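# Examination of the molecular architecture
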Amino acid sequence: MEKKKYYVDIGSGEISQEKYQNNDSFIIHATQDEVSMLRAKLNNMHEASYNSFWRSHVPIMPYHNDKPNDDYDANMVEVYQILYDLGDDAVKNHINSIGILSDNHI
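These remarks concern the structure in this document. (Residues numbered from 1 in each chain as written. Predicted model: local features only at pLDDT ≥ 70, side-chain atom pairs only at ≥ 80, totals over all residues. Heavy atoms only, no water.)

What the protein chain contains, in helices and strands, is 3 helices and 3 strands. Along its sequence from the N terminus, the protein chain presents helices and strands in the succession β-β-β-α-α-α. Per-residue burial for the protein chain yields a buried fraction of 33% across its 106 residues. Pairs at least 24 apart in sequence give 49% of the contacts found in the protein chain among residues at least 6 apart. (Helix = DSSP H or I, 4+ residues; strand = E, 2+ residues; numbered from the N terminus. Buried < 20%, exposed > 50% of the residue type's maximum accessible area, 1.4 Å probe, protein only. Contact = heavy atoms within 4.5 Å.)

Given below as structure tokens:
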């Protein structure tokens, strides 16, 4: 499959082939299958964030036993790993500088 250039913004969950305003936090080159995998991970992050929001309104549940928060973190690391694997040198350098993958394989 042919790889195309995509602009990715984790905060908004946007993946686009068109650069628009601030959607270029990360630039990757990916196949359609790779983009679908990234989209699924971003969707998982959104769902875990939503679940964590509801859990935060239950005062008897200790915050350190928060499965949705753990799920969000795990998906975020997976998103960064995908971005690292598909990104250019600037993406790799940025991800290395923040250290999010230091405990994972690179």
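Ile10, Phe26, Ile28, Leu38, Leu83 and Ile95 are the most contacted members of the largest nonpolar core, which totals 20 residues. Contributing elements (two or more residues each) for this core: β1 (4-9), β3 (26-30), α1 (32-55), α2 (67-86) and α3 (89-98). For this core, the element with the highest residue contribution is α2, accounting for 6 residues. Once residues lying within four places of it in the same chain are set aside, the contact partners of Leu83 are Val8, Ile10, Phe26, Ile28, Leu38, Val91 and Ile95. (Core = buried A, V, L, I, M, F, W, Y, C linked by side-chain atoms within 4.5 Å.)

With 20 residues, α2 extends 28 Å from end C-alpha to end C-alpha; this agrees with the ideal 28 Å at 1.5 Å per step. For α2, the set of buried residues is Pro68, Asn75, Val79, Tyr80, Gln81, Ile82, Leu83, Tyr84 and Leu86. (Expected span 1.5 Å × (residues − 1).)

Per the stated rule, a full pass over the model turns up 1 aromatic pair. With centroids separated by 5.8 Å and ring planes inclined at 85°, the aromatic side chains of Phe26 and Tyr80 adopt a geometry described as edge-to-face. In this pair, Phe26 sits in strand β3 while Tyr80 sits in helix α2, placing the two residues 54 residues apart along the sequence. Taking relative accessible area as the criterion, Phe26 reaches 6% and is therefore assigned buried. Seen from the ring of Tyr84, Lys92 lies directly overhead, with NZ or CZ sitting 5.2 Å from the centre. (Phe/Tyr/Trp six-rings, centres within 6.5 Å; stacked < 30°, edge-to-face > 60°. Lys NZ or Arg CZ within 6 Å of the ring centre and 35° of its normal.)

A separate point is the sheet that holds β3. With antiparallel pairing, the 3 strands of this open sheet are ordered in space as β2-β1-β3. In this open sheet, the two edge strands, each paired with only one partner strand, are β2 (14-16) and β3. In this sheet, adjacent strand axes meet at a mean angle of 30° when their direction is disregarded. The sheet contact formed by β1 and β3 spans 5 bridges and is antiparallel. Across the sheet, Tyr7 pairs through a bridge with Ile27, a residue of β3. Seen against the sheet, α2 touches β1 and β3 and runs at an angle of roughly 70° to β3. (Pairing = 2+ DSSP bridges. Axes fitted to C-alpha atoms, helices over the stretch in contact; angles between N-to-C directions.)

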